[in-house]
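# Architecture at a glance
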Amino acid sequence: MILPATSRFPLTADLSICRILNGMWQVSGGHGAIDPARAVAAMFLYHDAGFTTWDLADHYGPAEDLIGEFRHQFVVRHGAERLPEIQALTKWVPSPGAMTRPAVEAAIGVSLRRMQVDCLDLLQFHWWDYADPRYLDALKHLADLQREGKIRHLALTNFDTDRLAIIAGHGIPIVSNQVQYSLIDRRPEARMAAWCRDHGVSLLAYGTLLGGLLSEKFLDRPEPGRGDLTTISLQKYKQMIDAWGGWALFQELLAVLKRIADRHGVGIANVGARYVLDRPAVAGVIIGARLGIAEHIADNARPFGFALDAGDLAAIDPVLAKSTDLMRVIGDCGDEYR
Ligand SMILES: NC(=O)c1ccc[n+]([C@@H]2O[C@H](COP(=O)([O-])OP(=O)(O)OC[C@H]3O[C@@H](n4cnc5c(N)ncnc54)[C@H](OP(=O)(O)O)[C@@H]3O)[C@@H](O)[C@H]2O)c1
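Rules behind the numbers
Residues numbered from 1 in each chain as written. Predicted model: local features only at pLDDT ≥ 70, side-chain atom pairs only at ≥ 80, totals over all residues. Heavy atoms only, no water. Axes fitted to C-alpha atoms, helices over the stretch in contact; angles between N-to-C directions. Helix = DSSP H or I, 4+ residues; strand = E, 2+ residues; numbered from the N terminus. Parallel < 35°, antiparallel > 145°, perpendicular 65-115°, else oblique. Contact = heavy atoms within 4.5 Å. Nonpolar A, V, L, I, M, F, W, Y, C, P; charged D, E, K, R; others polar. 1 Å grid on protein atoms, 1.4 Å probe; cavity = no way out; pocket = protein on both sides within 12 Å on 5 of 7 lines; lining within 4 Å. Points joined across faces, edges and corners; volume = space filled by probe spheres on them. Salt bridge = Lys/Arg side-chain N within 4 Å of Asp/Glu carboxyl O. Buried < 20%, exposed > 50% of the residue type's maximum accessible area, 1.4 Å probe, protein only. Near = heavy atom within 4 Å. Polar contact = N/O pair within 3.5 Å; in protein donor to acceptor, adjacent residues only side chain to side chain. Areas by Shrake-Rupley, 256 points an atom, 1.4 Å probe, with all protein chains shown as cover. Core = buried A, V, L, I, M, F, W, Y, C linked by side-chain atoms within 4.5 Å. Pairing = 2+ DSSP bridges. Expected span 1.5 Å × (residues − 1).

### Observations concerning the packing of helix α7 (residues 232-244) against helix α8 (residues 247-264)
- Interaxial distance between α7 and α8 falls to 8 Å at its minimum, and their mutual angle equals 100°. If you check the angle between α7 and α8, you find them roughly perpendicular. Here K238, I241 and W244 of α7 come into contact with α8, specifically with W247, L249, F250 and L253.
- In terms of residue class, the contact of α7 with α8 is built from 6 nonpolar, no polar and 1 charged.

### Topic: the layout of surface pockets
- For the second largest pocket, the calculated volume is near 220 Å³.
- What lines the second largest pocket is a set of 16 residues, among which R71, P84, I86, D121 and R152 lie closest to the centre.
- When residues of the lining of the second largest pocket are traced back to their parent elements, those giving at least two are β2 (15-18), α2 (63-78) and β5 (87-92).
- In terms of residue class, the lining of the second largest pocket is made up of 9 nonpolar, 2 polar and 5 charged.

### Quick notes on the pattern of salt bridges
- All chains considered together, the criterion is met by 25 salt bridges.
- Close ionic contact of R263 with D309 constitutes a salt bridge, the shortest N to O distance being 2.8 Å. Of the two residues, R263 sits in helix α8 while D309 sits in the loop between β10 (282-288) and α10 (310-321), which places them 46 residues apart along the sequence.
- On the basis of relative accessible area, R263 is assigned to the exposed category, the value being 52%.
- Note on D309: relative accessible area 32%, which makes it partly exposed.

### Quick look at the site of the ligand
- Within the structure, the ligand sits among 30 residues, and Q26, D55, S233, R290 and H296 are positioned closest to it.
- Contact between the ligand and D299: a nitrogen atom at 2.7 Å from a side-chain N or O atom of the residue.
- Out of a free accessible area of 920 Å², the ligand has 92% covered by protein chains.
- Contributing elements (two or more residues each) for the shell around the ligand: α7 and β10.
- The greatest single-element share of the shell around the ligand, amounting to 3 residues, is contributed by β10.
- For the shell around the ligand, the per-class residue count stands at 12 nonpolar, 14 polar and 4 charged.

### Notes on the nonpolar core
- If you look at the biggest cluster of nonpolar residues, it comprises 121 residues, and the most contacted ones within it are M24, L142 and F250.
- Ranked by the residues each element gives to this core, the list is headed by α8, at 9 residues.
- Contact partners of M24, with chain neighbours within four places excluded, come to M43, W54, D55, L56, Y60, A63, L66, I67 and L291.

### Observations regarding empty space enclosed by the protein
- Under the definition given, this model contains 1 cavity of 30 Å³ or more.
- Considering only enclosed or pocket space, the largest cavity measures out at about 30 Å³ in volume.
- Looking at the largest cavity, the residues that line it are P96, W127, W128, D129 and D132.

### Thoughts on the sheet that holds strand β8 (residues 174-180)
- Spatially, 8 strands are ordered β3-β4-β5-β6-β7-β8-β9-β10 in a closed barrel, and the strand pairing comes out parallel. Neighbouring strand axes in the sheet, compared pairwise and without regard to direction, differ in orientation by 30° on average.
- By the bridge criterion, 4 bridges tie β5 to strand β6 (residues 120-125) in an arrangement that is parallel. The residue bridging L89 from the neighbouring strand is L122, located in β6.
- Strands β5, β6 and β7 (151-157) of the sheet are contacted by helix α3 (residues 101-115), whose axis makes an angle of about 135° with β6.

### Side note on α8
- With 18 residues, α8 should reach 26 Å at 1.5 Å per residue; the first-to-last C-alpha distance of 25 Å fits that figure.
- For α8, every residue scored as buried is listed here: W247, L249, F250, Q251, L253, L254, V256, L257, I260 and A261.
- Those residues of α8 that are buried are in contact with α7, α9 (268-277) and α10.
- Backbone geometry just after α8 places G265 at a positive phi near 70°.

### Considering the side chain of E64
- Within the secondary structure, E64 is located in helix α2.
- Judged by its relative accessible area of 0%, E64 is buried.
- Here T90 takes part through its side chain, which lies 2.6 Å from a polar atom of the side chain of E64.
- A distance of 3.3 Å separates the side chain of E64 from the side chain of R114, its partner in a polar contact.

By themselves, these figures tell us nothing about what the structure is for.
Written out as structure tokens, the structure is:
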């Protein structure tokens, strides 16, 4: 399978990504035991199908090492000249502390070594506490490392709109912000998407499939208890559903999505992904992959083969209108981590 040209997005002039990215949080524990050899074999299946872009982080267990091993085996199979086909977008999530140049450089050095690259395609930076303004120190050092060729592009994850503006005001060039974005969590639409559009910043969405809850598997099912939710991703997004409006309203949403999915000959997850892909400023949707355990490769190609029309959106809107305003109860994007 080769994905259509519409699956690609120029995140920058020199960094084209697949609009459905493979999420690697699922290899970090809490999603089933990952066998490295099987995981790397699975990575070839994603890549060969056209899903060439990986989202990972320094703290996602072996994720950066798996990228390193995948690149190594890729060279053996295809030659080093084809390595640019792979995009690996990692994160740096530092513990609170002084953001000195040596500390920042050392952290980036670890990712470079583990991923077996000379330069990180995209480095997404996370910060836990806005009361501590040293995130600006870290970003200035990261921008220096970018100028020195260790990082191709700088990005953020879980930053709110106010902080995006502060960072831009310091002249730090940011390409994207990775935030939770789904039919359930539409907080990015409140303020962030407009700011991003005005400032040429893209959004990368996660949580779009709610860890798998947004699928036929949970349609017409009684409310799952914690024991039924077998991954930490399912547990995390069940809490979001609770905050958003609860299980009964979620079932209403699944029923509407099922009717839309049937009309297009796709699945509920495909409708959920397509919905977010169509939102302003969204460059891509990250879908978690339990490498070597489960895969939905062919199914996740389907969002590139159909379009939601005005009738579909009009059917979804009344259900969403009954939900709680998560901006009010949680705050802007990323506030759930603070
Ligand atoms: N920046 C952050 O703070 C942050 C936070 C969370 C996640 N992320 C990123 O986002 C990625 C996505 O993770 P997530 O936790 O948000 O999970 P998700 O993508 O909402 O859900 C992933 C799960 O959905 C199921 N799935 C995938 N495709 C499907 C399909 N076509 N039909 C039905 N089910 C399907 C799979 O379940 P099965 O494996 O059980 O089949 C898969 O494990 C992570 O890996 C990570 O890269 C970032």
